[in-house]
Amino acid sequence: MQRIMPAPRHPLPGLLEESCMSFVSSYPRRPLLGLLALLLCTSLSLPAAADSTGIGPVALDTEQGPMRLHIVEHASFVATWHGTTIYNDPVGDPARYADLPAPDLILITHAHHDHFAPDTLAALDTSHATIVMPEAVAKDIDPSVGDKQITLNNGESATAAGIPIQAIPAYNLPASPDAHHPKGWGNGYVLTLADKRVYISGDTEGVPAMRALEDIDLAFVCMNLPYTMDTEQAADAVLDFKPKIVYPYHYRGQDVEDFKRRVNAGDSNIEVRLLDWYPKSG
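Structure report, in brief.

Rules of the game
- Residues numbered from 1 in each chain as written.
- Predicted model: local features only at pLDDT ≥ 70, side-chain atom pairs only at ≥ 80, totals over all residues.
- Heavy atoms only, no water.
- Pairing = 2+ DSSP bridges.
- Helix = DSSP H or I, 4+ residues; strand = E, 2+ residues; numbered from the N terminus.
- Contact = heavy atoms within 4.5 Å.
- Axes fitted to C-alpha atoms, helices over the stretch in contact; angles between N-to-C directions.
- Buried < 20%, exposed > 50% of the residue type's maximum accessible area, 1.4 Å probe, protein only.
- 1 Å grid on protein atoms, 1.4 Å probe; cavity = no way out; pocket = protein on both sides within 12 Å on 5 of 7 lines; lining within 4 Å.
- Points joined across faces, edges and corners; volume = space filled by probe spheres on them.
- Nonpolar A, V, L, I, M, F, W, Y, C, P; charged D, E, K, R; others polar.

### Notes on the sheet that holds strand 12 (residues 218-222)
- Pairing within the open sheet is mixed, and its seven strands lie in the order 8-9-10-11-12-13-14. Two strands close off the open sheet at either side, each with one partner strand: strand 8 (157-160) and strand 14 (271-272).
- As judged from the five bridges shared by strand 12 and strand 13 (residues 245-249), these two strands associate in the parallel manner. Note on strand 13: the bridge partner recorded for Val221 is Pro248.
- Contacts from helix 6 (residues 231-241) reach strand 11 (196-200), strand 12 and strand 13, with the element oriented near 155° to strand 12.

### Considerations on the environment of Ile131
- One can find Ile131 in strand 6 (residues 130-133).
- By relative accessible area, Ile131 is classed as buried at 0%.
- Distance in space between the C-alpha atoms of Ile131 and Tyr87 is 9.5 Å, their sequence separation being 44 residues.
- Discounting chain neighbours no more than four positions away, the residues touching Ile131 are Ile106, Ile108, Ile141, Val145, Gly146, Lys148, Gln149 and Ile150.

### What about the layout of surface pockets?
- Its boundaries defined by the atoms lining it, the largest pocket holds a volume of some 160 Å³.
- Lining of the largest pocket is provided by His74, His112, His113, Asp114, His181, Asp203, Asn224, Tyr227, His250 and Arg252.
- Tallied by class, residues from the lining of the largest pocket come to one nonpolar, six polar and three charged.

What follows is the structure in structure tokens.
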């Protein structure tokens, strides 16, 4: 399969930089004007360079800069933060990632096909990426994917791409070996981004470990029957751990407006952000 080469990690301002340098050099005998020109060019070019390393709207502000979010579809998204690009459950057509920065960190929550796609991973540039995954994925992933692979069981922690990560249990209730998602088989993740904590639920119901989470600033919470939970259970769980911001995702077939109503009826201080995770093709 053809490997997709994403956008460069740190593209230069290009024509803007060239124009600025020409402008500055036009004042060789007027140092004060030259200095003012240099300051003006710096103010114009630096934001452009900074913006080029980020993608999508700001989802969360941290002490070390914003986390930006780009939705791919369903459970797949890409985030950038502090010069690090994070892919969550990258699946689907590799061309959808072609214009995005190459990943530094790839999180895989479990082994179902809508979360773990070996063909997609093989087509991406993962040469600088650390892959974090549960054992159910580790036993099937190509060992050549990524620069480093880390296996985390429920409750375990590691630091990858400079980001502390904790694996949170994700499973169906009641816990059963023949459930869609048996206990211990999949992970959710809590990422610490400077002073903020981000929770990605993976496929789960409102299990005790989710409800006991503390100090979550941003949460991605799944809901889709019969595989995870309905909007009522999802809202009830969110009201227990009270993230400051929550994005419903992985919600095919569910009424996310109902989820928002239930959450805000219980706590109007939780910001529920409804986005389209199922863009129409064509």
